Amino acid sequence: MEVNPVNSVSTHLNLTLTNPAGNLADVGYASTGFMIICAALVFFMIPGLALLYSGLSRSKNALSMMLICVAAASIVMVQWVIWGFSLAFSETGSVFIGDCAWCGMTAIGSQAAVTLTTWVPVVAFALYQLMFAAITPAIIFGSPAERMNMIPAMLFVFIWSTVVYDIVAYWTWSAKGWVRNMACVASAHANAPCFKGSLDFAGGGPVHVASGFAGLAYSLVLGRRAAHDATTEGEHNPYRPHNPANVTLGTCILWFGWFGFNAGSASAATARAAMAGLVTTVAAASGGITWLMFDYIFTRKLSSVSLSSGIVAALVGITPGAGYVAPWASIVIGSVTALVCNLACSVKHKLGFDDALDAFGLHGVGGVVGNLLTGIFAQKWVASLDGTGIDGGWLDGNFIQLGYQLAGTAAIAVWSFGISYVILSVLNLIPGLRLRVPEESELLGLDVSHMGEQMFEFATLADLRADRESLEKSGAIPAEGKKKQKQPAYPPPEESGSSST
């Protein structure tokens, strides 16, 4: 995700397109294979998210949640080739956004992009980053779930990826991005970045804060689900997850894929990548247990949904600091993020908005907490595992780092929420693109009303009667009202004169 100032051509780079003939990366070697495997792991998170969201929703909306996750990823994969990768990572852009030097991906190949990574060819880096871009918009739909119109949602994905995700990714990870160079924006614009700004190893801002706050905007524009006001604390909750098994399975798939998400962000098979993987799984374990036991204090029940929620929250929280923090710190980050997200999810009803599947509560809030904790726990020695030099965070006496983290996080949150709200409001005014489904469609469920399919097929009494009539006509069973001749329990007695001696 980041330029390595020690191993790159120079600390202050000449930001021009690299020469394919003279700047070959480690084509065909360990780091290239590592990146391809990590890209596949991140891709596997998409069906994991789909399973998680389908399990958290009601059964009548479960299939539609799986569809929108996969459809959103597919749309972004096309957008990424057209201009997404170039806008997010081109080497000749401004401090705000990339240019179209790589539009259509016609100029990428075996050369390394020295402003992005000197370890692998740019085509491997583009493939890996594609998976980040693909899963991010899918996260958004946890907030407007069960009431959103699918076609406008797909159009929103294409627009949002262009004007929100690509831009904030450039701010955060491009060598010239202003969030990454807060202390030297002017010199970064003049092709001399200092890399003194917000630290984000694997996407706390561009992925989680951006998607979470976009989800908040979406839920506010749509309003609350039908009969939401009938749900009060202490009464039966009609929005309980319909399939906790899918929730648990989806969470475990996400946890598995997160190794590629965080470890792969080292952009090479190095000790720092291994450290990122270690702190990721330790934080997840810590957060899951914390959320589980915190809920147990009040409910005296051990909930699989609580455990899964804590794991996801902690994975979000460790993402920005995965390549900067020590293993012991990941325990703190996982637990703190889980507790804060738990509280955020519990107060949404009191605040009056309907974050249906807690996309904002887990990803938006979790991303903010993770970014801020990175400013406290980031350490030089962890980053130096692959030769990268940073000033560290509070533990290393660099107290301004928390200010950089706060400023970068706030900028991404405000940009994502504001631009998302405008996009959604405009789409809602266009005939045929109304964002919310009619109330009768919502009550029936999006699976039937919008897809004509169901996650589960339930047999009605009429279905059973029709099946019986069909079997009767075929002779497979006797007709109704006719009884089979009762068979004697014992053989009939032998006729007289035939008795045995």
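For clarity, every value in this text was computed on a predicted model and none was experimentally measured.

Trainee: Any chance you could explain the overall build of the protein chain here in plain terms?
Mentor: If you tally the helices and strands in the protein chain, you get 17 helices and two strands. Relative to its full complement of 501 residues, the protein chain shows a buried share of 55%. Working note: accessible area of the protein chain is about 20,700 Å², and carbon and sulfur atoms make up 66% of it.

Trainee: Looking at this structure, I do not really get the side chain of S57. What am I missing?
Mentor: Relative to the assigned elements, S57 resides in the loop between α1 (30–56) and α2 (62–89). For S57, the contacting residues outside a window of four places in its chain are A62, M65, E146, R240, P241, H242 and L357.

Trainee: How do you make sense of the packing of helix α12 (residues 359–377) against helix α14 (residues 400–429) when you look at a structure like this?
Mentor: Where α12 contacts α14, the two axes come as close as 7 Å, and the packing angle between them is 160°. Taken together, the axes of α12 and α14 are roughly antiparallel relative to one another. You can see that α12 and α14 cross each other, and the crossing is right-handed. Facing α12, whose interface residues are V368, N371, L372, T374, G375 and I376, α14 presents Q401, L402, Q405, L406 and T409. When the residues that make up the contact of α12 with α14 are grouped by side-chain class, the tally is five nonpolar, six polar and no charged.

Trainee: Would you explain the pattern of salt bridges in this entry?
Mentor: Two side chains with opposite charge may pair up if their charged atoms get near one another. A full pass over the atoms with the stated rule returns eight salt bridges. Between E146 and R58 there is a salt bridge whose closest N-O contact spans 2.9 Å. In this pair, E146 is assigned in the loop between α3 (122–140) and α4 (150–173) and R58 in the loop between α1 and α2, connecting sequence segments 88 residues apart. Accessibility assignment for this pair places E146 and R58 in one class, buried. Of the charged contacts in the structure, one is a salt bridge between K196 and D391, with a shortest N-O distance of 2.7 Å. Taken together, the residues K196 in the loop between α5 (185–189) and α6 (204–222) and D391 in the loop between α13 (380–383) and α14 connect sequence positions 195 residues apart. Sharing partners across several salt bridges, the network here consists of R58, E146, R147, R225 and D354.

Trainee: I keep staring at the packing of aromatic side chains and nothing clicks. Help me out?
Mentor: The description of an aromatic ring pair uses the distance of the two centres, along with the angle that the planes make with each other. A full pass over the atoms with the stated rule returns 26 aromatic pairs. Centre to centre, the rings of F85 and W102 are 5.2 Å apart; their planes meet at 10°, and the pair counts as stacked. Of this pair, F85 sits in helix α2 while W102 sits in the loop between α2 and β1 (112–113), placing them 17 residues apart in sequence. Look at F85 and you get buried, because its relative accessible area is 0%. Overall, W102 belongs to the buried group, its relative accessible area being 2%. For the ring pair W394 and F399, a centre distance of 5.8 Å and an interplane angle of 70° mean the geometry is edge-to-face.

Trainee: Is there a simple way to explain the nonpolar core in this structure?
Mentor: A general tendency of soluble globular proteins is for nonpolar side chains to be buried together. Grouped together as the largest cluster of nonpolar side chains are 120 residues, with contacts concentrated most on L49, Y53, F85, F141, Y165, Y218 and F261. Element by element, the count of residues in this core is highest for α3, at 14 residues. Contact partners of F261, with chain neighbours within four places excluded, come to V42, M45, Y128, F132, I135, A202, V207, H208 and T319.

Trainee: Can you walk me through the side chain of S90 in this structure?
Mentor: Examined against the element boundaries, S90 turns out to sit in the loop between α2 and β1. The class of S90 is buried, set by a relative accessible area of 1%. One polar contact links the side chain of S90 to the main-chain amide nitrogen of D99, over a distance of 2.8 Å.

Conventions adopted
- Sequence order as written defines the numbering, with residues in each chain counted from 1.
- At least 70 in pLDDT is required for a residue's local features to be given in this predicted model, at least 80 for side-chain atom pairs to be given and counted, and no such filter applies to totals for whole chains, interfaces and linings, which use all residues.
- Only heavy atoms go into the side-chain values, all of them from the structure, while hydrogens and water stay out.
- Elements are defined by DSSP. Helices are runs of H or I of four residues or more, strands are runs of E of two residues or more, and each kind is numbered from the N terminus.
- Type-normalised accessible area, obtained with a 1.4 Å probe on protein chains alone, sets the label of each residue: buried when under 20%, exposed when over 50%, and partly exposed for intermediate values.
- Accessible surface area values rest on a Shrake-Rupley calculation with a 1.4 Å probe, where residue burial reflects the displayed protein chains alone.
- In what follows, a contact means two residues having at least one pair of non-hydrogen atoms within 4.5 Å.
- Whenever a helix is involved, its axis is fitted only over the stretch in contact; in every case the axis is a line through C-alpha atoms, and angles between N-to-C directions fall within 0 to 180 degrees.
- For classification purposes, an angle smaller than 35 degrees is called roughly parallel, one larger than 145 roughly antiparallel, one from 65 to 115 roughly perpendicular, and anything else oblique.
- By convention, the crossing between two helices is left-handed when the near helix turns anticlockwise from the far helix through less than a right angle, and right-handed when the turn is clockwise.
- Under the grouping applied here, Gly and all other residues not named as nonpolar or charged are polar, the nonpolar ones being Ala, Val, Leu, Ile, Met, Phe, Trp, Tyr, Cys and Pro and the charged ones Asp, Glu, Lys and Arg.
- Salt bridge criterion: a side-chain nitrogen from Lys or Arg within 4 Å of a carboxyl oxygen from Asp or Glu.
- When two rings of Phe, Tyr or Trp (its six-membered ring) have centres within 6.5 Å they constitute a pair, described as stacked for plane angles under 30 degrees, edge-to-face for angles over 60, and tilted for the intermediate range.
- Only buried Ala, Val, Leu, Ile, Met, Phe, Trp, Tyr and Cys residues count toward a nonpolar core, and they belong to the same one when joined by side-chain atoms within 4.5 Å.
- Polar contacts, as counted here, are pairs of nitrogen or oxygen atoms within 3.5 Å of one another; within protein the pair requires one atom able to donate a hydrogen and one able to accept it, and residues that are adjacent in sequence qualify only if both atoms are side-chain atoms.

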